[in-house]
Amino acid sequence: MAARTVTRADLSEAVYQEVGLSRNESADLVESVLNEISDALVRGEMVKLSSFGSFAVRQKGERVGRNPKTGEEVPILPRRVLVFRASHVLKNRINSALSRSNG
Amino acid sequence: MTKSELIQRIAELNPHLYHRDVERIVTTVFEEISAALARGDRVELRGFGAFSVKQRAARVGRNPRTGAAVQVAEKHIPFFKTGKLLRERMNENS
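In this report, we go over the structure that sits alongside the text.

**Some words on the overall build of chain A**
Next, step 1: Scanning chain A from terminus to terminus reveals three helices and six strands.
Next, step 2: In terms of overall dimensions, chain A is more spread out than a globule: its C-alpha atoms have a radius of gyration of 19 Å, far above the 13 Å expected for 103 residues.
Next, step 3: A principal-axis box enclosing the C-alpha atoms of chain A has dimensions of 55 × 40 × 25 Å.
Next, step 4: Burial statistics for chain A: of 103 residues in total, 34% are counted as buried.

Encoded structure:
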């Protein structure tokens, strides 16, 4: 079974099927969910979604990197990165589904 | 922000919707993503990020206390890569 790519359109369709709002409004609501999460992360807040996982913002300090092509040293500036930790519920679900289908 | 705070926020932005429906909307979004990952599919949300499943091969591990070799089965790890727009927004004023 080839892996496919799920997009916003699929999420909107699922909301449309599940809740029975118009397709347009379903798409707007999916967008709104993603925006609210993004805004919280941009504010530096952690976002915890029970039984799914959590997104945390981590501050990285400056370090010296190297251009792998030229070997030249370049400073990597301090920055904020996002880390996602899947919940045990999600990890278990993925593992039980995929190990079953693989054999 | 927790899931219930997210639901509360979406409900405030959409006063014409029943609270119960807002709960179903938020739950459905994450249920769809979870179901896709459980099928081994990738979920790509431009600007936000992409979820995928990475496979870790079976290996022989070691009990760090006893040193005994233990068989570790193959496993699948959900992985998230931050989207370009979100990454840039998080670093705008630094």
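**Observations regarding the sheet that holds strand β2 (residues 47–49) of chain A**
Where strands meet in a sheet, backbone hydrogen bonds hold them as pairs that are either parallel or antiparallel.
Residues and elements named next belong to chain A.
Next, step 1: On the basis of which strands lie adjacent, the open sheet formed by three strands has the order β2-β3-β6 and antiparallel pairing. Two strands lie at the open edges of the sheet, namely β2 and β6 (79–86), each paired on one side alone. Neighbour-to-neighbour, the strand axes of the sheet open up by a mean angle of 20 degrees, direction not taken into account.
Next, step 2: Strands β2, β3 (53–60) and β6 of the sheet are contacted by helix α2 (residues 23–42), whose axis makes an angle of about 140 degrees with β2.

**Observations concerning the side chain of B:Thr28**
Next, step 1: Mapped onto the elements of the fold, B:Thr28 is located in helix α2 (residues 19–38).
Next, step 2: Sequence-distant contacts of B:Thr28, defined by excluding residues within four places in its chain, comprise A:Ala14, A:Val15 and A:Glu18.

Rules behind the numbers
- Residues numbered from 1 in each chain as written.
- Chains lettered and ligands numbered in written order.
- Predicted model: local features only at pLDDT ≥ 70, side-chain atom pairs only at ≥ 80, totals over all residues.
- Heavy atoms only, no water.
- Helix = DSSP H or I, 4+ residues; strand = E, 2+ residues; numbered from the N terminus.
- Rg over C-alpha atoms; globule rule 2.2 N^0.38 Å.
- Buried < 20%, exposed > 50% of the residue type's maximum accessible area, 1.4 Å probe, protein only.
- Pairing = 2+ DSSP bridges.
- Axes fitted to C-alpha atoms, helices over the stretch in contact; angles between N-to-C directions.
- Contact = heavy atoms within 4.5 Å.

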